[in-house]
Structure formats: structure tokens, C-alpha cells
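Read off the chains here:
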Amino acid sequence: MADNLSDTLKKLKITAVDRTDDSLEGCLDCLLQALAQNNMETSEKIQGSGILQLFASLLVPQSSCTAKVANIIAEIAKNEFMRIPCVDAGLISPLVQLLNSKDQEVLLQTGRALGNICYDSHSLQAQLINMGVIPTLVKLLGIHCQNAALTEMCLVAFGNLAELESSKEQFASTNIAEELVKLFKKQIDHDKREMVFEVLAPLAENDAIKLQLVEAGLVECLLEIVQQKVDSDKEEAIAELKTASDLMVLLLLGDESMQKLFEGGKGNVFQRVLSWIPSNNHQLQLAGALAIANFARNDGNCIHMVDNGIVEKLMDLLDRHVEDGNVTVQHAALSALRNLAIPVINKAKMLSAGVTEAVLKFLKSEMPPVQFKLLGTLRMLIDAQAEAAEQLGKNVQLVERLVEWCEAKDHAGVMGESNRLLSALIRHSKSKDVIKTIVQSGGIKHLVTMATSEHVIMQNEALVALALIAALELGTAEKDLESAKLVQILHTLLADERSAPEIKYNSMVLICALMGSESLHKEVQDLAFLDVVSKLRSHENKSVAQQASLTEQRLAVES
């Protein structure tokens, strides 16, 4: 065989130059046969013979041998070591040209060749995108949708190219959404539908394409699949139900596509999604709650949903998952409630519906994602709701859990949200009882640490809460403020040129409030605050400059 192959390669060199199609075809057939028997060895021989360079000249539209040449390239490019030599031989450009051919076999083998050469190489795939293959392939899919092999080749190519961010803009300028939805509707076979899904998912990450897919009717197809598969316990059906409902949620992540499907809360899609929440299927409960969280991304939608009873549905769902519940469903339902609690008008309604009680049932959860959403939901609910903030702030079990989570160093999100909720309980309740509960639970040191956060908003929230503590319950908190080194921290914040104006302002307000404590007053005197504060009288921010004058007077009098 080795001798035959060497003879074939020699002969091919001659015939490729002479362009005698019959003998060329014979040589190509022998090569394909050899590749079928031992692909790797044959590929090595081809590489060694130097005929790769000749292939570029054989890739011409009008030749009867073109499909076979492309087929040979596709076969040898299955081997990783052959891909760079194919690129170096200049095969990509003539192959891309061949995508304009009318011959279906040429198109199929060309697509395979390009796919194998560029397999797993982002840089080569990016090169193809720059050469404009996306619009060409989308057009091919439309023209040859009856040809199963060509359709599959296009889908595999789309799946690979769609992974690249640079492809999304090009895809969005074609009618890919329409073609894929048309194709999807025709597929009955699970594997074929799976292939289309694999292309839809990465494409649907792009907002423009999300909207195109919605307009092309993809959502109706997905809802149909959910309806067909919901009661089946077959593995394939369960997988397809998950893929369809996940894709549905993904489409709702785009603002325009989400609003189009919401249709003022009257839309068929919105109503169908609502029906998923009370379902007994965990996947549908999850998708339903995530969909509501996505619909709840603007005030108008949130207000409409709360007025139409969505809160009760979500609380019922949470109730079903309290004991040994599904963590992803808990997380999704809490996300939805958190978003719904953002509009001011919804807070009182949700509080009277009993949302805090429903959420507090998850206080014992050991899952950081659930803890994070629980904290966020409570923080949204008590914003400017004094009574609710006071009630929660006097809940010793909650406050102790918050103090514990303030030390969750492995989970920055949980730690940050716990600190913010501690501060919010004080800021919104302005209650002495709440402050006493937080002091007794050991929360003061965490609020002092929060004042040194890298996030200005968190620093500010901490300083305002600490100023309220100093104004309302200084005697109770004095020792904790001292051991947390609050005075030194305030000195650092005021001396640091990088501190934001509001941080400097609130630090000075706090200094004045601390003067009522003998021990803290002494610390202020020992640290020569006057020098730092007097420099701030000429600060460019008027509020800071005024507060500096007031603080300076106070310090001078008290000294």
C-alpha cells in the first residue's frame, strides 16, 4: 500500500499540473481510499510529499474534481497536526470562495474542510468571520434546507462560530433567526432539535438576536415543547423540557424582547409562564420564577404583577421548598421577590402580604446564593419602611444571623449584603431598641469595618448608621466603638485625599456626635483632628467646607 500511495502522490503531482481530469480523478479516488484505510499515516505521507500546495489550484468551481479535493482536505484536517500545514498551503481562501458554488456536494465537502481546519481555533474562526462566511452560510441554509447533510454542516459551523463574540453582530445582520425557527419547526427528531438548540443558545445571548428570535416565533415553539414534554419521565423529554424553558428565560434577559413578551401583563406568553409556578415540575417552577424575576426589571411591570397576585404565587412556591427544598428554586423565587420589592409603591403591599415572614423561613439556609437573595429581598422591603425596619431590627434571631454572615469571608456577596442590611435596619428604623439589639449581638464592629469598604455607597451607609448610633445610644455602644478603633478610622478617612466628599462630610458629622462620650472625646483630642479638619475648610465641595468649619468650632470649644 505504501508503494501504491507513493506512486499515486507522484502521479497526482503531474496530473495536477497537466489538469487531465480523468487521471486526476483516479488519483484522488486512490487517496480517499487510502485515507479511509489509515487516515493518519496517509496524511503524514501527503504532508511529506508537498502536494498540499497544489490543492489550492485544484479548488476551482468549474472542475469535476473539486468536491473530491475538498473531501481529501476535510479528511486530512481531522488530524490536528495537518491543520496548520493546510493554512500554510493557502487553502482557506479558495475554500471560502467555493461556498458560493451551486453544487451541493462541493458545498458539503467545502464546509467540512473549513470546519475541520478551523476546529478549536478561535483565531482561524475569527478569520473566517472576517472573510464573510456567516452571511454566505445563512443563505445556504435557506436555499438547501431540504438537504439534511448540508443543513447539519451549516448548524455545526454556526455552533462553532457563535461561540465568538465577534460573530454576533454579523449573525444579527442576517435572517438567521427566521431560518433557524423555520428549521426548528420542521424537526421532529430529538437529536436534530438538539442541534438547533445548540446554535440558538449562544446566539440568544445577543440582545438584537433575542428580539429577532421572539419576532420569528421561537417562543411559541418553546411553549409547545414544554406542553408536550411536561408529563413525560423519559430522559430525552426531561432534557428537552429543560433546554426549552432555559432558552425561554434567556430570551427574557433582553429588555426589548422581555417587554414585547410581557404585553402589559396580558400577553399569552406571560400568562403561560405564570402557570409554571404552581406546577409540580421543579424545572418549570425554576423557569417560571426566573422568568418573573426577568419580567420584574422595570417599575411598571413590577407594579402590575404585584397588583395581580404574583406575590402570593411566589410565596406559595417558597413554602413548598422550605424543608429540604430545591436550592435553585428558592434562589429564583427570592430573586423575583427582591426585584418586585424595588418600586416604592410595592413595599407596603408586599409587607402586608407577609413577604418578610415567608423570607425569614430561609434564615437557617446554609446555601450562600439563597442567603444572598434573602438579604437583598429584606433590604429592599424595609427601604423607607420604618415600622418594618424596627420589627426586623428587634428580631434577635435575624440580627445574630446577620452578625454571623458579616464574617462569611469566603462569600463576599453575603458578607456585603449582611453589612448593608445591618446598616439599613438602623437607618430606616432610627430606633433605640434596634440599636440595642445590634450592640448586644456584636454588630457594631462590622459597621465600623464597613466604613472602610472599597465601595463608597457601603462606606456611606455605615457612617450614617454609626452617626445614628452615636446620636441615639452612644452610652450603649461606646465600648464597642472604642474597641473597633472607630476614631482612628475616621481620622484616616478625613486625611485620605481619595475619600469621596460625602465620606468626608459624614465622617465629620460622626466626629461631632462622638464628642458626647468621654473616652471617645479623649481619643479625638489625642489624634489632633483639628489639623485635618481645618484643611478641609477650603475643600471644593461646599457642604464639606461648611461641615469642616462647624466641626472645627466644635473641636475648639470642646478642647
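So, how was this worked out
In every chain, residue numbers begin from 1 and rise along the written sequence. At least 70 in pLDDT is required for a residue's local features to be given in this predicted model, at least 80 for side-chain atom pairs to be given and counted, and no such filter applies to totals for whole chains, interfaces and linings, which use all residues. To obtain the side-chain values, all non-hydrogen atoms of the structure were used and water was disregarded. To qualify as a helix, a DSSP run of H or I must reach at least 4 residues; to qualify as a strand, a run of E must reach at least 2; elements of each kind are numbered from the N terminus. Radius of gyration here uses only the C-alpha atoms, and the compact-globule reference equals 2.2 Å multiplied by the residue count raised to the power 0.38. In this scheme, a residue with accessible area under 20% of its type's maximum is buried, one over 50% is exposed, and one in between is partly exposed, where area comes from a 1.4 Å probe on protein chains only. Contacts are assigned to residue pairs that have any heavy atoms within 4.5 Å of one another. Every accessible area reported is derived by Shrake-Rupley at a probe size of 1.4 Å, with residue values counting cover from the shown protein chains alone. His is not counted, nor are the chain ends; Lys and Arg add positive charge and Asp and Glu add negative charge. We define a salt bridge as a contact between a side-chain nitrogen of Lys or Arg and a carboxyl oxygen of Asp or Glu at a distance within 4 Å. Whenever a nitrogen or oxygen atom comes within 3.5 Å of another N or O atom, the pair is scored as a polar contact, on the condition that within protein one atom can donate a hydrogen and the other can accept it, and that pairs from neighbouring residues in sequence are kept only if both atoms are in side chains. Among buried residues, the Ala, Val, Leu, Ile, Met, Phe, Trp, Tyr and Cys ones that are joined through side-chain atoms within 4.5 Å form a nonpolar core. UniProt positions are given in the numbering used here, feature names are shortened, and annotations may be inferred rather than shown by experiment. Aromatic rings from Phe, Tyr and Trp, with only the six-membered ring used for Trp, were paired whenever their centres fell within 6.5 Å, and each pair was classed as stacked if the ring planes differed by under 30 degrees, edge-to-face if by over 60, and tilted otherwise.

As recorded in an unreviewed UniProt entry, the protein goes by Rap1 GTPase-GDP dissociation stimulator 1 isoform X4 and comes from Lipotes vexillifer.

A.B. asks: Residue-level account of the overall build of the protein, with values.
C.D. replies: Per the secondary structure count, the protein includes 37 helices and zero strands. Taken over the C-alpha trace, the protein has a radius of gyration of 34 Å; the compact-globule value for 559 residues is 24 Å, which it surpasses by more than 25%. Over its C-alpha atoms, taken along the principal directions, the protein stretches across nearly 105 × 55 × 40 Å. Residues counted as buried form 55% of the 559 residues belonging to the protein. Long-range pairs, those at least 24 residues apart, make up 71% of the contacts in the protein with a sequence separation of at least 6. When the accessible surface of the protein is summed, it comes to about 25,000 Å², and 50% of that surface belongs to carbon and sulfur atoms.

A.B. asks: An account of helix α10 (residues 133–143) is requested, with residue identities and associated values reported.
C.D. replies: Listing the buried residues of α10 in full gives V133, I134, T136, L137, V138, L140 and L141. Along its buried surface, α10 packs onto α7 (92–98), α8 (104–117), α9 (122–130), α11 (148–161), α12 (165–172) and α13 (176–186).

A.B. asks: Could you give an account of the environment of L490, naming the residues involved and the relevant values?
C.D. replies: Along the chain, the position of L490 falls in helix α33 (residues 486–495). Judged by relative accessible area, which is 0%, L490 ranks as buried. Setting aside chain neighbours within four positions, we find L490 in contact with L463, S507, L510, I511, L514 and F529.

A.B. asks: Residue-level account of the side chain of K504, with values.
C.D. replies: Note on placement: K504 falls in helix α34 (residues 501–514). We note that K504 is buried and unpaired, the nearest opposite charge coming from D496 at a distance of 6.3 Å. A polar contact is formed between the side chain of K504 and the backbone oxygen of D496, at a distance of 2.7 Å. Excluding residues within four positions of it along the chain, K504 makes contact with L493, L494, D496, E497, S499, L536, H539 and V544.

A.B. asks: Got a sec to walk through the nonpolar core? Specific residues and values, please.
C.D. replies: In terms of nonpolar packing, the biggest core is built from 202 residues, with F55, I292 and F295 touching the most fellow members. The leading source of residues in this core is helix α32 (residues 456–483), at 12 residues. With residues near it in sequence (within four places) discarded, F295 still touches L252, M258, L261, F262, F270, V273, N301 and M305.

A.B. asks: Would you mind going over the UniProt feature "repeat: ARM" (unreviewed entry) in the protein in detail, with residue names and values included?
C.D. replies: According to UniProt, the feature "repeat: ARM" (unreviewed entry) maps to residues 90–132 and 309–341 in the numbering used here. Regarding residues 309–341, the helix share stands at 73% and the strand share at 0%, and the terminal C-alpha atoms are separated by 14 Å.

A.B. asks: Could you give me a rundown of the environment of N268, with the residues and numbers involved?
C.D. replies: With respect to the helices and strands, the residue N268 is situated in helix α19 (residues 268–276). For the pair N268 and V456, spaced 188 residues apart in sequence, the C-alpha separation works out to 44 Å.

A.B. asks: Any chance you could break down the packing of aromatic side chains for me, citing the residues and the numbers?
C.D. replies: Under the counting rule described, the total for this entry stands at five aromatic pairs. With a centroid separation of 5.6 Å and an interplanar angle of 80 degrees, the aromatic rings of F158 and F171 are classed as edge-to-face. One end of the pair, F158, is in helix α11; the other, F171, is in helix α12, with 13 residues separating them in the sequence. Ring centres of F270 and F295 lie 5.2 Å apart, and the angle between their planes is 90 degrees; this geometry places the pair in the edge-to-face category.

A.B. asks: An account of unusual backbone geometry is needed here, citing residue identities and associated values.
C.D. replies: Notably, D120 is not glycine yet its phi reads approximately 65 degrees, a positive angle. A positive phi angle, close to 60 degrees, is found at K485, a residue other than glycine. By secondary structure assignment, the location of K485 is in the loop between α32 and α33.

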